[in-house]
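Here are the chains, one letter per residue:
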Amino acid sequence: MLEEYLPFIGLIIFGNIENLILASHGVVKGANPVKLAIASICFVIMWVVLGTLGTVVFMEYASVIELIGGLAIVILGLQSMVGAFKYNDDDGY
């Protein structure tokens, strides 16, 4: 069963790392940690369901999906880090 998901292992690993980066960015911005945790869990569940169903339908496009998803993860991570640096620079830390 896990063989079906092997083409997407990179997205699974880096997507989880990205989720942690975005959550930490929310905490830095002063978001309520409980609400942030609940929203994060809801989105993770949504992506698991969507990914499970999407894998069956779009397996033939695995390489393209992984490329686009990886690029999106890198862009969101960079955006989050730049925003965190700007936030800290404004406060003089």
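The text that follows walks through the structure, step by step, so that each part is easy to find. Only a predicted model underlies this, so the values are computations on that prediction, with no experimental measurement involved.

1. A closer look at the overall build of the protein chain
In terms of helices and strands, the protein chain carries three helices and zero strands. Counting helices and strands in the order they occur from the N terminus, the protein chain gives α-α-α. When burial is assessed residue by residue, the protein chain has 17% of its 93 residues classed as buried. When contacts within the protein chain are restricted to residue pairs at least 6 apart in sequence, long-range pairs at least 24 apart make up 84% of them. Put simply, the protein chain shows about 7100 Å² of open surface, and 77% of that area lies on carbon and sulfur atoms.

2. Quick word on the environment of Leu76
Among the structural elements, Leu76 can be located in helix α3 (residues 62–91). The class of Leu76 is partly exposed, set by a relative accessible area of 38%. Spatially, the C-alpha atoms of Leu76 and Asn19 are 9.9 Å apart, while their sequence positions differ by 57 residues.

3. Some words on the packing of helix α1 (residues 9–28) against helix α2 (residues 33–58)
Between α1 and α2, whose axes approach to 11 Å, the crossing angle comes to 160°. Taken together, the axes of α1 and α2 lie roughly antiparallel to each other. Along this stretch, α1 crosses α2, giving a crossing that reads as right-handed. Residues Asn19, Ala23, Gly26 and Val27 of α1 lie in contact with α2, whose contacting residues are Leu36, Ser40 and Val44. Split into classes, the residues belonging to the contact of α1 with α2 amount to four nonpolar, three polar and no charged.

4. Some details on a nonpolar patch on the surface
Taken together, Val56, Val57, Phe58, Tyr61, Val64, Ile65 and Ile68 make up a surface patch of nonpolar side chains, about 670 Å² in accessible area. Secondary-structure elements contributing two or more residues to the nonpolar patch are α2 and α3. You can see Ile68 is positioned in helix α3.

5. Considering the environment of Ala72
Inspection of the secondary structure puts Ala72 in helix α3. In this structure the C-alpha to C-alpha distance between Ala72 and Gly15, which are 57 residues apart in sequence, comes to 9.6 Å.

6. Some thoughts on α1
Relative to the 28 Å expected for 20 residues at 1.5 Å per residue, α1 spans 29 Å between its end C-alpha atoms, a close match to the ideal helical length. Regarding α1, the residues found buried are Gly10, Leu11, Glu18, His25 and Gly26. Looking straight down α1, one finds that the buried residues subtend no more than 120° of arc, so they occupy a single side.

Calculation criteria
- Residues numbered from 1 in each chain as written.
- Predicted model: local features only at pLDDT ≥ 70, side-chain atom pairs only at ≥ 80, totals over all residues.
- Heavy atoms only, no water.
- Helix = DSSP H or I, 4+ residues; strand = E, 2+ residues; numbered from the N terminus.
- Buried < 20%, exposed > 50% of the residue type's maximum accessible area, 1.4 Å probe, protein only.
- Contact = heavy atoms within 4.5 Å.
- Areas by Shrake-Rupley, 256 points an atom, 1.4 Å probe, with all protein chains shown as cover.
- Axes fitted to C-alpha atoms, helices over the stretch in contact; angles between N-to-C directions.
- Parallel < 35°, antiparallel > 145°, perpendicular 65-115°, else oblique.
- Left-handed = near helix turned anticlockwise from the far one by under 90°.
- Nonpolar A, V, L, I, M, F, W, Y, C, P; charged D, E, K, R; others polar.
- Patch = residues over 30% accessible without salt bridge, like charges linked within 9 Å, V, L, I, M, F, W, Y side chains within 5 Å.
- Salt bridge = Lys/Arg side-chain N within 4 Å of Asp/Glu carboxyl O.
- Expected span 1.5 Å × (residues − 1).
- Arc of directions from axis to C-beta.

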